[in-house]
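Topology and contacts: notes
Chain by chain, the residues run as shown.
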Amino acid sequence: MLATNGRMKIAIQRNGRLTEDSVGLLRACGLNFEFQKQSLYSPCSNFDLDVLAIRDDDIPEYVQDGVADLGIIGENILQERRAKVNRLAMLGFGGCRLMISVPLKSQIRKIKDLKGLRIGTTYPVILKSFLNANRIKAEIVKLSGSVELAPSLNVADVICDIVSTGTTAKMNGLRTLCMVMESQAVLVANPDVMHDKNKRKVIERLMIRVRGSQEAGGKRYLMMNAPANSVQKLKRLIPSLKSPTVVPLAQTGMVAIHTVVAEDIFWDVMEKLKEAGASDIIVVPIEIIIR
Ligand code: ATP
Ligand code: MG
């Protein structure tokens with residue numbers, strides 16, 4: 001019944017590192033749905049799309065086979081599964097690296113030193129093409145989890161695993177040797193949906209919102225009051241303040257300045273703005289910018 005109710009579906013990770021940001025992105029796109037980690041299926045009340053929450057490993061095949069029309073999945077899983085799906089957008093969250101790590105005390109210094117060793121990983125497909133590209137013959141030991149323990153259990157000599165900060169590797173007496181791939185979350189689509197006129201329309205509507213939300217990412221709307229004669233000085237402080245909206249205030253000689261700034265730039269210059277005469281500085285988040 002679920003697969004045949006005719007509504008479009010987007011598959012996201014049910015409970016894991018991609019869940020919060022995936023739900024956040026869909027909400028930022030204005031989609032209204034109740035999301036509970038235990039429920040498989042959440043219909044959107046205001047958009048022709050339902051959210052399917054499943055294990056991330058299943059998402060590439062589900063989208064490839066058309067069980068879901070769209071999916072949000074890590075590039076790492078996507079490449080490992082070699083699923084035939086279309087990439088619609090890189091999403092900028094879920095960032096991590098697939099790295100080869102070696103025991104701290106080992107003599108291994110460069111990629112070539114991996115020759116003849118056993119490499120433990122849950123990413124045999126990606127690792128194989130990396131080794132081939134580097135013309136290294138090594139044994140790939142397929143593992144299903146707890147990869148970082150493999151060297152101390154002597155199941156493998158070195159490992160190839162996802163790293164975001166490197167703390168887990170260090171805790172297990174490992175140091176990173178080289179990067180195999182860099183990953184982030186990707187929005188993917190079933191290759192056939194674009195041939196369906198109605199589905200394509202829904203995806204196009206969604207993509208305008210996704211791009212709008214990405215455009216807004218890290219940006220803030222900045223409002224402040226300042227003496228009219230300090231506008232030039234303020235512009236020099238915030239290079240992106242090329243064409244701010246400047247509105248006269250009731251108080252003569254004072255103006256309100258409105259503009260969009262990158263969040264990190266704002267923190268760098270906040271004190272200087274005050275020194276230059278700005279007051280009542282207000283910074284508000286931006287959800288979407290449609291160009
Ligand atoms: P599931 O139960 O859905 O199979 P999982 O345990 O396989 O979950 P998570 O650990 O939640 O998966 O990771 C999901 C994705 O998040 C990874 O495939 C990767 O793309 C991304 N990711 C970001 N940072 C990390 C990290 N530090 N470790 C592992 N994955 C990360
Ligand atoms: Mg998984």
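All figures in this text were calculated on a predicted structure; none of them were measured in a lab. (Residues numbered from 1 in each chain as written. Chains lettered and ligands numbered in written order. Predicted model: local features only at pLDDT ≥ 70, side-chain atom pairs only at ≥ 80, totals over all residues. Heavy atoms only, no water.)

Looking at the sheet that holds strand β1 (residues 8-13)
The test is simple: DSSP-based pairing: two strands are paired if at least 2 bridges between them are found. Each helix corresponds to a stretch of at least 4 residues labelled H or I by DSSP, and each strand to a stretch of at least 2 residues labelled E; elements are numbered beginning at the N terminus. Axis definition: a line fitted to C-alpha atoms, over the contacting stretch in the case of helices. Angles run 0 to 180 degrees between N-to-C directions. Residue contacts are counted whenever heavy atoms from the two residues lie within 4.5 Å of one another.
Taken in spatial order, the six strands of this open sheet run β2-β3-β1-β4-β11-β5, and their pairing is mixed. Sheet topology places β2 (41-43) and β5 (86-90) at the edges, where each strand pairs with a single neighbour. Sheet twist, expressed as the mean angle between neighbouring strand axes with direction ignored, is 25 degrees. Examined bridge by bridge, β2 and strand β3 (residues 49-54) share three bridges and lie antiparallel to one another. Note on β3: the bridge partner recorded for Y41 is L52. Strands β1, β3 and β4 (70-74) of the sheet are contacted by helix α1 (residues 19-28), whose axis makes an angle of about 145 degrees with β1. Packed on one face of the sheet, helix α6 (residues 197-216) meets β1, β3, β4, β5 and β11 (185-189) and runs near 25 degrees to β5.

Topic: the coordination of the magnesium ion (ligand 2)
The following threshold applies: Here a donor is any nitrogen, oxygen or sulfur atom (N, O, S) within 2.8 Å of the metal, with 3.2 Å used for Na, K and Ca; water is not among the atoms considered, so some sites may look incomplete. The buried label applies to any residue whose accessible area, calculated with a 1.4 Å probe on protein chains only, is under 20% of its type's maximum; exposed applies above 50%, and partly exposed to all values in between.
Every protein donor of the magnesium ion (ligand 2) is accounted for by D56 (OD) and D57 (OD), and the metal-donor separations fall at 2.0 to 2.1 Å. A relative accessible area of 17% places D56 in the buried class.

Some words on the layout of surface pockets
Just so we agree on the cut-off: In the cavity and pocket records, a cavity denotes points on a 1 Å grid over the protein atoms alone where a 1.4 Å probe fits but cannot get out, a pocket denotes an open set with protein on both sides within 12 Å along at least 5 of 7 lines, and lining residues are residues with an atom within 4 Å of a point. Grid points are joined across faces, edges and corners, and a volume is the space filled by probe spheres set on the points. In the scheme used here, Gly and all other residues not listed as nonpolar or charged are polar, with Ala, Val, Leu, Ile, Met, Phe, Trp, Tyr, Cys and Pro taken as nonpolar and Asp, Glu, Lys and Arg as charged. Boundaries between domains were set according to an automatic or database domain assignment.
By volume, the largest pocket amounts to about 960 Å³. Taken together, 35 residues make up the lining of the largest pocket; nearest its centre are R17, N76, Y123, D161 and I162. Going through the elements one at a time, α3 (75-81), β6 (96-103), β9 (158-163), α5 (167-171) and β10 (174-183) are the ones with two or more residues in the lining of the largest pocket. Of the residues that constitute the lining of the largest pocket, the class distribution is eleven nonpolar, 16 polar and eight charged. Counting only domains with at least three residues in the lining of the largest pocket, you end up with domain 1 (2-93 + 185-216) and domain 2 (96-183). Here the second largest pocket defines a volume of roughly 190 Å³. The wall of the second largest pocket is formed by D21, G24, L25, A28, L91, F93, S213, Q214, G217, I286 and E287. Elements with a contribution of two residues or more to the lining of the second largest pocket: α1 and α6.

Here's the deal with the site of ligand 1
To keep things clear, this is the line we draw: Throughout, the term near means that a residue has one or more heavy atoms lying within 4 Å of the molecule or strand in question. Any pair of N or O atoms that falls within 3.5 Å is considered a polar contact. Within protein, one atom must be able to donate a hydrogen and the other to accept it, and sequence-neighbouring residues count only if both atoms are side-chain atoms. Shrake-Rupley sampling with a 1.4 Å probe provides the accessible areas, and residues are treated as covered by the protein chains on show and by no other component.
The immediate surroundings of ligand 1 are formed by 15 residues, with R17, D56, D57, N76 and S164 found nearest. In the model, an oxygen atom of ligand 1 is placed 2.6 Å from a nitrogen or oxygen of the D57 side chain. Residue N76 places a side-chain N or O atom 2.7 Å away from an oxygen atom belonging to ligand 1. With the chains in place, 76% of the 630 Å² that ligand 1 exposes on its own is no longer accessible.

Some details on the nonpolar core
The following threshold applies: To form a nonpolar core, buried Ala, Val, Leu, Ile, Met, Phe, Trp, Tyr and Cys residues must be joined to one another through side-chain atoms within 4.5 Å.
Core analysis: the biggest nonpolar cluster contains 32 residues, and I100, L114 and V158 have the highest contact counts within it. Every element with two or more residues in this core is listed here: β3, α2 (59-64), α3, β6, α4 (124-133), β9, β10 and β11. When residues of this core are sorted by domain, at least three fall in each of domain 1 (2-93 + 185-216) and domain 2 (96-183). Membership of the second largest hydrophobic core comes to 30 residues, among which are L25, F33, A185 and V193.

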